[in-house]
Amino acid sequence: IESHKCKVILNPPGIGEYTSRMFEQSYLGNCIVLRKNSYDNGISWKNHIPEVDFNSDDWEEDMTSIINNYEEHGQSCRKYFDSSWTAKAIVNYLIENIEKEI
C-alpha cells in the first residue's frame, strides 16, 4: 500500500538495486531511478528507466529534473514493464532467442 504513495523510487547500489522492486514499482507506474552503469537486461531498459551519474558534478540537477518530470518517467517505466516484464513478454523473448539458435 505504501508503494502507491511513492512518486520516485531511487534504487541505491548495493541494496538490491536490480530486484523485484523494479518490477513492482514499474507495474505501478512509479518512476524508478538507477545509478548510471553499464548493466542492462536482455530487453534494454536504458531508454525507459532514468539513470543518474552520482559521480557527476551536476547529478543534483539531473535528479531534480527527473523528480520534476516523475509522471512522464513513471509512464515510461510502466511502458517498459508492459512491453518487457510481463509473463507473455518474457516468454516471447525466450522463444525468439531459442529460435535464433535453432
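To keep things clear, this report deals only with the structure shown in the data block. (Residues numbered from 1 in each chain as written. Predicted model: local features only at pLDDT ≥ 70, side-chain atom pairs only at ≥ 80, totals over all residues. Heavy atoms only, no water.)

Quick word on the sheet that holds strand β1 (residues 8-10)
One key point about sheets: their strands pair by backbone hydrogen bonds, in either a parallel or an antiparallel sense.
So, point 1. Across the sheet, which stays open at both edges, the three strands sit in the order β1-β2-β3 with parallel pairing between neighbours. Two strands close off the open sheet at either side, each with one partner strand: β1 and β3 (51-52).
So, point 2. Pairing geometry for strand β2 (residues 31-35) and β3, over two bridges, is parallel. Residue pairing in the sheet places L34 in a bridge with E51 of β3.
So, point 3. Sitting on the sheet, helix α1 (residues 20-28) touches β1 and β2, and the angle it makes with β2 is about 145 degrees. (Pairing = 2+ DSSP bridges. Helix = DSSP H or I, 4+ residues; strand = E, 2+ residues; numbered from the N terminus. Contact = heavy atoms within 4.5 Å. Axes fitted to C-alpha atoms, helices over the stretch in contact; angles between N-to-C directions.)

Focus on the pattern of salt bridges
So, point 1. Applying the stated criterion across every chain yields a total of four salt bridges.
So, point 2. In this structure, E51 engages K46 in a salt bridge whose closest nitrogen and oxygen atoms are separated by 2.9 Å.
So, point 3. What makes E51 buried here is its relative accessible area of 18%.
So, point 4. Residues R78 and D82 are paired through a salt bridge, measuring 2.9 Å at the closest nitrogen-oxygen approach. (Salt bridge = Lys/Arg side-chain N within 4 Å of Asp/Glu carboxyl O. Buried < 20%, exposed > 50% of the residue type's maximum accessible area, 1.4 Å probe, protein only.)

What about the packing of aromatic side chains?
So, point 1. Under the criterion given, the structure shown has four aromatic pairs.
So, point 2. Seen from their ring centres, Y80 and W85 are 4.8 Å apart, and the 80 degrees between their planes marks the pair as edge-to-face. In this pair, the class of Y80 matches that of W85, namely buried.
So, point 3. Following the ring pairs from residue to residue traces out a cluster consisting of F23, Y80 and W85. (Phe/Tyr/Trp six-rings, centres within 6.5 Å; stacked < 30°, edge-to-face > 60°.)

Some points on the packing of helix α3 (residues 70-85) against helix α4 (residues 87-101)
So, point 1. Following both chains from N to C, one finds α3 and α4 inclined at 50 degrees, their axes separated by 5 Å at the closest point. Here α4 runs oblique to α3, going by the angle between their axes. Contacts from S83, S84 and W85 in α3 reach A87, A89 and I90 in α4. (Parallel < 35°, antiparallel > 145°, perpendicular 65-115°, else oblique.)

A few points about the nonpolar core
So, point 1. One finds M22, I32, L34, W45, I49, C77, Y80, F81 and W85 forming the largest nonpolar core, which totals nine residues.
So, point 2. Contributions of two or more residues to this core are made by β2 and α3.
So, point 3. Tallying contributions element by element places α3 first for this core, with four residues. (Core = buried A, V, L, I, M, F, W, Y, C linked by side-chain atoms within 4.5 Å.)

What about the side chain of N30?
So, point 1. By the element assignment, N30 lies in the loop between α1 and β2.
So, point 2. Within the structure, the side chain of N30 is placed 3.0 Å from the backbone oxygen of S3, a separation counted as a polar contact.
So, point 3. Setting aside its immediate chain neighbours within four residues, N30 contacts S3, C6, K7, I9, Q25, G74 and C77. (Polar contact = N/O pair within 3.5 Å; in protein donor to acceptor, adjacent residues only side chain to side chain.)

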